[in-house]
Amino acid sequence: MSQTATNKRYRATFILDTRNYSESIETLIDSIKENINGLGANVTNVKNNGTKEFIRVTDRRMPSGIYLEIDIEAGSDLPAQIQERFRLDKTVNRILVQSA
């Protein structure tokens, strides 16, 4: 069975916290793409949805965040790997990985 037959499609939505980040957003996006590719996944599409206000603010110092959608093809263990890879990254506030 080929590797592409076992791959699944995912959409990962990242909410980025750039309060203490001094470089450009494109640099941060490239870093996230490289980390995902390092997991053995194939990034097919990246969409920066820009800054959006939160409906329910949990931290009054962060009322909005940058939303980033990444389409990925990878094995079935990808969601857990992404959560673990970005768990301690201070520039990533939230991650949602869905099957596409």
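Relevant structure appears above.
The structure reproduced in this document is the subject of the present report. None of the values given here were measured: they were computed from a predicted structure.

Quick look at the packing of aromatic side chains now. Counted under the stated rule, the structure contains two aromatic pairs. Measuring from centroid to centroid gives 5.3 Å for phenylalanine 14 and phenylalanine 86, while their planes differ by 80 degrees, and the two rings are edge-to-face. Note that phenylalanine 14 is positioned in strand S1 (residues 8–16) and phenylalanine 86 in the loop between helix H3 (78–85) and strand S4 (92–99), a separation of 72 residues in sequence. Grouping residues by exposure puts phenylalanine 14 and phenylalanine 86 together as buried. Positioned above the aromatic ring of tyrosine 67 is the side chain of lysine 52, whose terminal nitrogen or guanidinium carbon lies 5.6 Å from the ring centre.

Moving on, we come to the sheet that holds strand S2 (residues 42–53). Strands sit in the order S2-S3-S1-S4 across an open sheet of four strands; the sheet is antiparallel. Each of the sheet's edge strands pairs with one partner strand only, and the pair in question is S2 and S4. Strand after strand, the sheet turns through a mean of 15 degrees between neighbouring axes, direction not considered. The pairing of S2 with strand S3 (residues 64–74) spans 10 bridges and is classified as antiparallel. By the bridge assignment, lysine 47 is partnered in S3 with glutamate 69. Contacts between helix H2 (residues 25–38) and the sheet are confined to S1, S2, S3 and S4, with S2 contributing the most and set at about 140 degrees to the helix. Where H3 meets the sheet, it contacts S1, S3 and S4, and its direction lies at approximately 175 degrees from that of S4.

About the cut-offs
- Residues numbered from 1 in each chain as written.
- Predicted model: local features only at pLDDT ≥ 70, side-chain atom pairs only at ≥ 80, totals over all residues.
- Heavy atoms only, no water.
- Phe/Tyr/Trp six-rings, centres within 6.5 Å; stacked < 30°, edge-to-face > 60°.
- Helix = DSSP H or I, 4+ residues; strand = E, 2+ residues; numbered from the N terminus.
- Buried < 20%, exposed > 50% of the residue type's maximum accessible area, 1.4 Å probe, protein only.
- Lys NZ or Arg CZ within 6 Å of the ring centre and 35° of its normal.
- Pairing = 2+ DSSP bridges.
- Axes fitted to C-alpha atoms, helices over the stretch in contact; angles between N-to-C directions.
- Contact = heavy atoms within 4.5 Å.

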